[in-house]
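# A look at the structure
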Amino acid sequence: MTWWLLALAAGGASALNVFASKRLVARVRPAVLGGVVHLTGGVLCLALLPLVGADLVPAASLVPQLAVMTSVYVVGNLLYFAALARTQLSEIDLFLRSSALWTVVGGAALLGEAFPPAALVGVVFVLASLATVAERPRRLRFSGAQGLALGAAVAFGAGNVVDKAISAPFDPLGYTALNLVLTGIGMLVVARPRASELRAPALWRPTAWTIAATFALTQWLLILAFAAGGSAGGVILLAQVRLLVLMSVGVLILGERDRLGRKALAAVLMLVGVAVLVGTG
């Protein structure tokens, strides 16, 4: 399968993940939810490793790099789950999709990937999209939840660059397992959950298992896309298909119709920015 089909599939799995997370985050403390579903997804991957003939080699030789990966993803997911609990599904994903921009910039700065002058046009469109849905567009002021989502997007962009830089020696499923297990443990260390929180029924019902499984599937598909030849920017940019899916779900199913014109304009600007960045990458 080509890298761009893998990237699109990752976008679809990610959309399901965000929708399920949004349904559950109101019933469980965000940091605890994030930690448990990441850890559960990682354990699922570990259980599958023998079945596909994969392993965790060369984890022991890349401890410093894995520590950086863990730190970036723990920060990103703490911000993400906190933002998800406080804002609309259709709006938060506009901010999160800017991770594509930060991935491209990071890939160019740290990995030497292409960033021609024409890509600046895409940057302008992405930033214009964010400004359009800001709490106060004219003053470019974001709400607290929007700021959390934007911070998460920057961290996820950095995580994508780290994935591209260090995942090549690993089996894709092995790297996915390490990513999820280490992120989940890190989030739970920060959250310091009470035993009663970990026993909450909501954490062990189908919605939580769906979140865990789609976290694993999304990460695995992204690593497969990198292994198939996709650049850090190209893979993540194509995965942005989830923007249209989640905005449609937010508006049509969850009834998030306030500021609909601004959201629609922001979506168009984001998609144009993504298309330009893809075309120049």
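Here the structure is a predicted model, which is why all the values come from computation and not from measurement. (Residues numbered from 1 in each chain as written. Predicted model: local features only at pLDDT ≥ 70, side-chain atom pairs only at ≥ 80, totals over all residues. Heavy atoms only, no water.)

### So, empty space enclosed by the protein
Heads up, the condition is: Here a cavity denotes a set of grid points, spaced 1 Å apart and computed over the protein atoms alone, in which a 1.4 Å probe fits but from which it cannot get out, and a pocket denotes an open set meeting protein on both sides within 12 Å along at least five of seven lines; residues with an atom within 4 Å of a point are reported as lining. Grid points are joined across faces, edges and corners, and a volume is the space filled by probe spheres set on the points. Working definition: helices are DSSP H or I runs of at least four residues, strands are E runs of at least two. Numbering for both runs from the N terminus. Amino acids outside the nonpolar list (Ala, Val, Leu, Ile, Met, Phe, Trp, Tyr, Cys, Pro) and the charged list (Asp, Glu, Lys, Arg) are all regarded as polar, and Gly is one of them.
Enumeration according to the criterion identifies one cavity of 30 Å³ or more in this entry. Of the volumes computed, that of the largest cavity is approximately 440 Å³. Along its surface, the largest cavity is lined by 25 residues, and Ser-14, Phe-156, Thr-218, Leu-222 and Arg-242 are the ones closest to its centre. If you list the elements that add at least two residues to the lining of the largest cavity, you get helix H1 (3–24), helix H3 (63–84), helix H7 (144–166), helix H8 (172–191) and helix H10 (206–227). Of the residues in the lining of the largest cavity, the class split is 11 nonpolar, 12 polar and two charged.

### Quick notes on the side chain of Thr-132
Going by this rule: Exposed residues in this analysis have more than 50% of their type's maximum accessible area, buried residues have under 20%, and partly exposed residues fall in between, with area computed by a 1.4 Å probe over protein chains only. Whether two residues are in contact is decided by their heavy atoms, any of which lying within 4.5 Å being enough.
You can see Thr-132 is positioned in helix H6 (residues 119–132). You can call Thr-132 buried: its relative accessible area is 14%. Ignoring any residue separated from it by four or fewer positions in sequence, one finds Thr-132 in contact with Pro-137, Arg-262, Leu-265, Ala-266 and Leu-269.

### Some details on the confidence of the model for the protein
In low-pLDDT regions, the fine details of the predicted coordinates are not to be read closely. Counted only if it meets this: Here pLDDT means the predictor's own confidence in every residue, given as a number from 0 to 100.
In this model, the protein carries an average pLDDT of 89, and 96% of its residues clear a pLDDT of 70 or more. Between the elements of the protein, mean pLDDT differs from a low of 71, seen in helix H11 (residues 232–238), to a high of 96, seen in H3.

### Quick notes on the environment of Gly-234
Among the structural elements, Gly-234 can be located in helix H11. Taking the relative accessible area as the measure of exposure, Gly-234 reaches 14% and is therefore buried. Linking Gly-234 and Arg-29, residues 205 residues apart in sequence, is a C-alpha distance of 34 Å.

### Quick look at the nonpolar core
How we decide: In this text, buried Ala, Val, Leu, Ile, Met, Phe, Trp, Tyr and Cys residues form a nonpolar core when linked through side-chain atoms within 4.5 Å.
With 58 residues, the main nonpolar core has Leu-33, Val-37, Tyr-80, Phe-81, Leu-94 and Leu-277 as its most contacted residues. Setting aside residues up to four positions removed in sequence, Tyr-80 forms contacts with Asn-17, Val-18, Ser-21, Ile-92, Leu-96, Ala-152 and Phe-156. Among the nonpolar cores identified, the runner-up in size contains 20 residues, and Phe-170, Leu-178, Ile-223 and Phe-226 belong to it.

### So, H6
Condition: The length a helix should cover is 1.5 Å for every residue beyond the first.
The terminal C-alpha atoms of H6, which comprises 14 residues, lie 20 Å apart, in line with the 20 Å expected from a rise of 1.5 Å per residue. Of the residues making up H6, those classed as buried are Ala-119, Gly-122, Val-123, Val-126, Ser-129, Leu-130 and Thr-132.

### Quick word on unusual backbone geometry
Most peptide bonds take the trans form, and the phi angle of most residues other than glycine is negative. Along the chain, Val-57 connects to Pro-58 via a cis peptide bond; the corresponding omega equals 5 degrees. Following the sequence through the fold, Pro-58 ends up in the loop between helix H2 (30–48) and H3. Its identity as a non-glycine residue notwithstanding, Arg-192 has a phi of 45 degrees, on the positive side. Relative to the elements of secondary structure, Arg-192 occurs in the loop between H8 and helix H9 (195–198). One non-glycine residue, Arg-259, lies in positive phi territory at about 50 degrees. Note on placement: Arg-259 falls in the loop between helix H12 (242–252) and helix H13 (260–280). Accessibility expressed as a relative area gives 29% for Arg-259, which makes it partly exposed.

### What about the packing of helix H4 (residues 89–96) against H12?
Note the threshold: Note on method: axes are straight lines fitted to C-alpha atoms, helices fitted across the in-contact stretch only, with angles between N-to-C directions ranging 0 to 180 degrees. When describing relative orientation, an angle under 35 degrees is termed roughly parallel and one over 145 degrees roughly antiparallel, while 65 to 115 degrees is termed roughly perpendicular and anything else oblique. In this scheme the handedness of a crossing depends on how the near helix is turned from the far one: anticlockwise by less than a right angle means left-handed, clockwise means right-handed.
At a closest axis distance of 7 Å, the pairing of H4 and H12 adopts a crossing angle of 160 degrees. Judged by the inter-axis angle, H4 sits roughly antiparallel to H12. The handedness of the crossing between H4 and H12 comes out as left-handed. Of the residues in H12, those in contact with Leu-89, Ser-90, Asp-93, Leu-94 and Leu-96 of H4 are Arg-242, Leu-243, Leu-246, Met-247, Val-249 and Gly-250. Looking at the contact of H4 with H12 residue by residue, the class counts come to seven nonpolar, two polar and two charged.

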